[in-house]
Amino acid sequence: MNNPFENITILDFTHVYSGPYCTMLFADLGARVIKVERPGSGDDTRHYLPFKNNESGYFAYLNRNKESITLDLKSPEGKEIALGLMKQSDIVIENFSAGTMEKLGLSYEEARKVRPDIIYASISGFGQTGPLCHKAAYDNIAQAMSGLLRVTGYPDQPPVKVGVSIADANAGIHAAFCLMAALYYREHTGKGQYIDISMMETTMSVLENFVIQYTLNGVVPERMGNEHSASAPFDVYVTKDDYVAVATASNRLFSRMQDAMGMDIMSDPRFAENTLRRKNYAELKPIIGAWMKEHTTADIVALFDQAGVPVAPLLRIDELVHHPQIRQRGMMETQHHPVIGDFEMPGFPAHFSEIQTPVRKAAPLLGADTDDVLAVMLGFSKEKIQELKDRDIV
């Protein structure tokens, strides 16, 4: 058994990022993921950049190792087919706006009627309850409402969202973890359950010490740029030729750093220990910054690495993709796509001693597996499937 979820079937009603990222993790680990898409147009990300041969690389990355069927969920026949597939699935996951699946007659309550031990997860911006449950949300909206956007950026400039859709990804990762917990629970109790996942709450949960600063001491954190609220220097500096990131979160690390720089900064009582360096960082930063500007990024990284000081260049994406660390660990994998052709993308971001996580098959073309799924799982004849196609049900 190389794939722990090879006997798990997931009926995937998700679209765009948060849900597809979650189900991609399961698919990489061997689960059968049947992606349900709108006839004609499919998942919105089929129309997202970048494109090659009119196929979206965005979609191809997030939907590898999955199957695709098309289904009109608003039609009575579509609903009936969906419930039939739920009956044979271990997990149902959706990330529509709150209440959408209820309106379609495909809620958890309906799903558990056909399979009592079903595990059913909903990802939404704000959850299925509360005053904001029906509020529309995308990643930047979740970043804003979670407090993340307010504390990101420089204090003298407007707030800046995290460069990638981190609220979406974070919700997807939390969903995957919760679904695995529910599978374990069902294995031991025989009971399925419903999981309600909010992008606002999952993003709030990873705000490190920002919420606790307020609840403990009444301090409302503000933007600090690349600095850290508890340690200094923990920042990005301009070098002779580029930038460099440095992190010294203890007196031991800062001692190593000053020795590597050939300086005795800690003898100054303002900088003798970490809390004082954080308090007086406005005076410390120009001292370190002046030294950094006299040295190249490569020289600083080599010097600090040798001294055991956390340091890094700021890699561009092209540098990241070809970095020896990424290449040696096999993080880039090739997808053999029938339309796009062969292209590289990030693989599964963990390495098991026993479990294999290869890209077994390319992301599916829209509805590519409809015939097979309906015939094998529901016993539909070719004539029945063709009739459904003629009526735009599938």
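Details of the structure are given in the entry above.
What comes next concerns the included structure. (Residues numbered from 1 in each chain as written. Predicted model: local features only at pLDDT ≥ 70, side-chain atom pairs only at ≥ 80, totals over all residues. Heavy atoms only, no water.)

By size, the foremost hydrophobic cluster in this structure holds 33 residues, and its most contacted members are Ile-10, Phe-26, Ile-91 and Leu-179. Of all the secondary-structure elements, those providing two or more residues to this core are helix 1 (18-28), strand 6 (91-94), strand 7 (119-124), helix 7 (166-189) and strand 8 (193-198). Setting aside its immediate chain neighbours within four residues, Ile-10 contacts Thr-23, Phe-26, Ala-31, Arg-32, Val-33, Ile-34, Ile-91 and Ile-93. Phe-13, Ile-69, Ile-81 and Val-394 belong to the second largest nonpolar core, which has 27 residues in total. (Core = buried A, V, L, I, M, F, W, Y, C linked by side-chain atoms within 4.5 Å. Buried < 20%, exposed > 50% of the residue type's maximum accessible area, 1.4 Å probe, protein only. Helix = DSSP H or I, 4+ residues; strand = E, 2+ residues; numbered from the N terminus. Contact = heavy atoms within 4.5 Å.)

With that out of the way, let us pick up the pattern of salt bridges. Inspection of every chain in the model, using the stated rule, returns 21 salt bridges. Among the ionic pairs, Glu-110 bridges to Lys-113, the shortest N-O distance being 3.2 Å. Here the residue Glu-110 and the residue Lys-113 both occupy positions in helix 5 (residues 108-114), the gap between them amounting to three residues, near one helical turn. Glu-110 gets classed as partly exposed once you look at its relative accessible area, which sits at 25%. A relative accessible area of 62% means that Lys-113 is categorised as exposed. The partner of Glu-344 in a salt bridge is Arg-327, with the nearest N and O atoms 2.7 Å apart. Linking Glu-344 in strand 13 (residues 341-346) with Arg-327 in helix 15 (residues 324-328), this pair joins segments that are 17 residues apart in sequence. (Salt bridge = Lys/Arg side-chain N within 4 Å of Asp/Glu carboxyl O.)

Looking at the element boundaries, His-351 is found in the loop between strand 13 and helix 16 (370-378). Linking His-351 and Met-331, residues 20 residues apart in sequence, is a C-alpha distance of 9.5 Å. A distance of 3.3 Å separates the side chain of His-351 from the side chain of Arg-329, its partner in a polar contact. (Polar contact = N/O pair within 3.5 Å; in protein donor to acceptor, adjacent residues only side chain to side chain.)

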